[in-house]
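Here's the letter readout for the chains.
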Amino acid sequence: MRTLRAGASRLPAQIQVVRTGAGGTTRPAAIGPAPRDAIVVGECVAEMDRLPAGSVDLVFADPPYNLQLENALSRPDQSLVDAVDDDWDKFVDFAEYDAFTRAWLAAARRVMKPNATIVVIGSYHNIFRVGSILQDLGFWILNDIVWRKTNPMPNFRGRRFTNAHETMIWAARGQDAKGYTFNYEALKAGNDDCQARSDWLLPICTGGERLKDKAGRKTHPTQKPEALLARVLIAASNAGDLVLDPFFGSGTTGAVARRLRRSYIGIERDPSYAAAARARIAAVEPLDDEAVAIAPTRRNEQRIAFASLVETGVVAAGERVFDARRRHCALVRADGTLAAGPAIGSIHKIGALVQGLPACNGWAFWHVERGGDLTSIDVFRADARASLREAAGL
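Residues numbered from 1 in each chain as written. Predicted model: local features only at pLDDT ≥ 70, side-chain atom pairs only at ≥ 80, totals over all residues. Heavy atoms only, no water.

**Student:** Any details on the overall build of the protein? Residues and values, ideally.
**Tutor:** Counting its secondary structure elements, the protein contains 12 helices and 16 strands. Counting every position in the protein, which comprises 394 residues, the buried fraction comes to 43%. As presented, the protein carries roughly 20,400 Å² of accessible surface, and 51% of it is formed by carbon and sulfur atoms. (Helix = DSSP H or I, 4+ residues; strand = E, 2+ residues; numbered from the N terminus. Buried < 20%, exposed > 50% of the residue type's maximum accessible area, 1.4 Å probe, protein only. Areas by Shrake-Rupley, 256 points an atom, 1.4 Å probe, with all protein chains shown as cover.)

Quick look at the structure:
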């Protein structure tokens, strides 16, 4: 998921990020509307600078980790570990890495819509530096998410704890960001009606999912599992959204986006990685629209007043409402309020009053009698919403 790093100027005040051996400027002209379902071969900052501002719904970034490996890593039997020692993960010092990080994050922030979010993944080598720069640039951190690996690489030297996790930072474009996508209800429903947590237990990429060349070698050393990207995209995007991955690598983001009917832009500097990603994504079959549609949330549902149910006669003025155990009752008034003794108020206020509680969800608390059985008034609210959606052709 990572790409070759930029050949950046070492003067932080005049950062230039261009392809090796190619001329360029720090801000190329925009190329018009943002492409969709496209892999762009080029340097990440220069190519993001060509995208129109405010065009992307979600950014997923798996940048170089700057692992700082100086020597070969071997197992106890002296066999070599297939570690990440590519040139794209090597930086002269922390200052150069920070300048690179600041450049690509600033470019990503420019192309994000006001309500877009970004997810950056890293390890202890780099994620704290990334988090500090995110905040310096004005991003607003929403969560840090720990990816616990079920099958991490062991610590062969026995001098440290096994590195069994990576960290993702999820951030909004700014502190004042409103309406960013977080599919809370969908995640909760898929988690046995429990809130989704910020620690995710998932295996690393292995087996048939791992891309390999004709010689059986890994196509890319840091390929991320599709399950990880699926959870990110389901949580923070919707079908039809545009997802940008500036370090496209083997194309996991694009493959998952295609399957979940999101659009993607992948920026990858290495043509061989881009070719492998293109072939991988072409083989993906998108899911049906119905399989990826996010159910309407309560927060976004059409507001229905209890008075409207009374006005249309669904709940009759003068009848009584009860709690589920018939311990409390109240009279329905013509104006949509309830009366319990001398007290008059909304379904919520009277529900709280009769229970001696500070608050109450009246829709869930009150029931009406139909055919000898009690029916929640929330059932009638749901019917009313369904009728409105049908009338609107939704």
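**Student:** Summarise the pattern of salt bridges; cite the residues concerned and give the values.
**Tutor:** Summed over all chains, the structure comprises 14 salt bridges. With a shortest N-O distance of 3.5 Å, Asp136 and Arg102 are connected by a salt bridge. In this pair, Asp136 is assigned in helix 3 (residues 127-136) and Arg102 in helix 2 (residues 94-111), connecting sequence segments 34 residues apart. For Arg326, the salt bridge identified is with Glu369, shortest N-O distance 3.4 Å. Of the two residues, Arg326 sits in the loop between strand 11 (320-322) and strand 12 (329-332) while Glu369 sits in strand 15 (residues 367-370), which places them 43 residues apart along the sequence. Arg326 gets classed as partly exposed once you look at its relative accessible area, which sits at 40%. For Glu369, a relative accessible area of 36% gives the class partly exposed. (Salt bridge = Lys/Arg side-chain N within 4 Å of Asp/Glu carboxyl O.)

**Student:** If you had to explain helix 2 to someone new, which residues and values would you point to?
**Tutor:** The terminal C-alpha atoms of helix 2 lie 26 Å apart, and with 18 residues this matches the ideal 26 Å at 1.5 Å per residue to within 8%. Where helix 2 begins, the side chain of Asp93 points an oxygen toward the backbone nitrogen of Ala95, at a separation of 3.2 Å. (Expected span 1.5 Å × (residues − 1). Polar contact = N/O pair within 3.5 Å; in protein donor to acceptor, adjacent residues only side chain to side chain.)

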